Each structure stands twice: as C-alpha cells, then as structure tokens.
Amino acid sequence: RQSPARGLAMTIVDVSRVAVFPNPALLGAELNLEIDYQCATPIQHARWVVTYTVDMTATKTVLHLGTTEPRTCESGATNFLKFHCDAIDVAGVKQSALHNVSVLTASLVDDGSGELAKVV
C-alpha cells in the first residue's frame with residue numbers, strides 16, 4: 001500500500017501475508033498476529049501499533065493491545081511482524097457494544113512520519 005509520509009516523497013509498504021490465530025476464537029482468548037511485508041525504502045525506528053476498535057453508532061472504543069519494539073525495516077527484503085497478547089481485555093466495554101462491529105488494526109509508524117501503513 002502506498003502512503004504519503006511527512007518528510008519523505010513516498011514510502012511504499014507492500015503487505016504480502018496476514019495471519020490471525022487462533023481463528024475462530026473467543027474474544028477473551030489469546031491473539032497472535034503475523035504480517036509479512038516489504039518496504040521500498042528503509043524505515044528507521046519502525047513500530048507496529050495494534051488496536052481493537054469496538055464501533056457503535058454513537059460511541060467508539062479503541063483498545064490498545066500493544067506496540068512492538070522499534071526496529072529498522074529493510075528495503076528489498078521481507079520484514080515480519082509477530083505480535084502476541086494473552087487476551088483482548090473488554091472489561092470496560094458495554095456488553096451490548098460487543099455485539100456490533102469490531103475491527104483489529106495494525107498500524108506501522110515511525111518517529112517522524114507518523115502512520116506509514118495500516119492493516120485492518
């Protein structure tokens with residue numbers, strides 16, 4: 001996917017594989033997310049921010065699941081995200097909201113340019 005980055009002419013991130021497991025799983029179960037991707041240019045201090053958004057007409061709740069350690073994403077090579085969390089904690093979300101649309105999102109960010117890619 002192409003995304004304009006502040007301070008860069010264009011950064012290109014091409015996602016080649018996404019895996020979420022176990023699948024299917026209960027909401028309280030562990031979550032494993034793997035993404036394989038390539039970058040057209042190196043990205044310094046790159047981190048993946050993983051969120052779970054519960055979306056209702058009147059309210060939206062974004063649960064931060066975690067952020068990976070900063071690393072350099074090499075250009076011309078396949079880079080990998082392997083993310084794990086023990087469970088999505090929905091204790092603060094109304095039960096009725098959990099019956100609506102929810103979205104798992106992984107956003108690739110760096111220190112200066114902000115969001116470079118998003119996998120939804």
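Being a predicted model, the structure only gives us computed values, none of them experimental. (Residues numbered from 1 in each chain as written. Predicted model: local features only at pLDDT ≥ 70, side-chain atom pairs only at ≥ 80, totals over all residues. Heavy atoms only, no water.)

## Side note on the packing of aromatic side chains
In step 1: Following the criterion strictly, the structure yields one aromatic pair and no others.
In step 2: Centre to centre, the rings of Tyr 37 and Trp 48 are 5.2 Å apart; their planes meet at 75°, and the pair counts as edge-to-face. Remark: Trp 48 occurs in strand E4 (residues 43–55) and Tyr 37 occurs in strand E3 (residues 31–39); sequence separation between them is 11 residues. (Phe/Tyr/Trp six-rings, centres within 6.5 Å; stacked < 30°, edge-to-face > 60°. Helix = DSSP H or I, 4+ residues; strand = E, 2+ residues; numbered from the N terminus.)

## What about the pairing of strand E9 (residues 114–119)?
In step 1: Relative to E9, strand E8 (residues 101–110) runs antiparallel, the two sharing five bridges. Within E9, the residue paired with Leu 108 across the bridge is Ala 117.
In step 2: Between E8 and E9, which pair antiparallel in sequence order, lie three residues. (Pairing = 2+ DSSP bridges.)

## Details of the environment of Val 15
In step 1: With respect to the element layout, Val 15 can be found in strand E2 (residues 11–21).
In step 2: Taking the relative accessible area as the measure of exposure, Val 15 reaches 31% and is therefore partly exposed.
In step 3: Once the C-alpha coordinates of Val 15 and Ile 35 are considered, the two residues, 20 residues apart in sequence, prove to be 7.1 Å apart.
In step 4: Not counting the four nearest positions on each side in its chain, Val 15 is found in contact with Ile 35, Asp 36, Tyr 37 and Val 119. (Buried < 20%, exposed > 50% of the residue type's maximum accessible area, 1.4 Å probe, protein only. Contact = heavy atoms within 4.5 Å.)

## Here we look at the side chain of Thr 51
In step 1: Within the secondary structure layout, Thr 51 lies in strand E4.
In step 2: Residue class for Thr 51 comes out buried when judged on its relative accessible area of 15%.
In step 3: With residues near it in sequence (within four places) discarded, Thr 51 still touches Val 62, Leu 63, His 64, Leu 65, Val 103, Leu 104 and Thr 105.

## Some points on the layout of surface pockets
Unfilled space is identified by rolling a water-sized probe across the atoms.
In step 1: In this structure, the largest pocket spans a volume of roughly 200 Å³.
In step 2: Around the largest pocket, the lining is made up of 14 residues, and of these Val 20, Pro 22, Ala 25, Leu 26 and Leu 31 lie nearest the centre.
In step 3: Its residues assigned to classes, the lining of the largest pocket comprises 12 nonpolar, one polar and one charged. (1 Å grid on protein atoms, 1.4 Å probe; cavity = no way out; pocket = protein on both sides within 12 Å on 5 of 7 lines; lining within 4 Å. Points joined across faces, edges and corners; volume = space filled by probe spheres on them. Nonpolar A, V, L, I, M, F, W, Y, C, P; charged D, E, K, R; others polar.)

## A look at the state of the cysteines
What we call a disulfide is simply a covalent bond connecting the sulfur atoms of a pair of cysteines.
In step 1: As enumerated under the stated definition, the model contains zero disulfides in all.
In step 2: The thiol of Cys 39 is unpaired, and the distance to the nearest cysteine sulfur, on Cys 73, comes to 4.6 Å. (Disulfide = S-S within 2.5 Å.)

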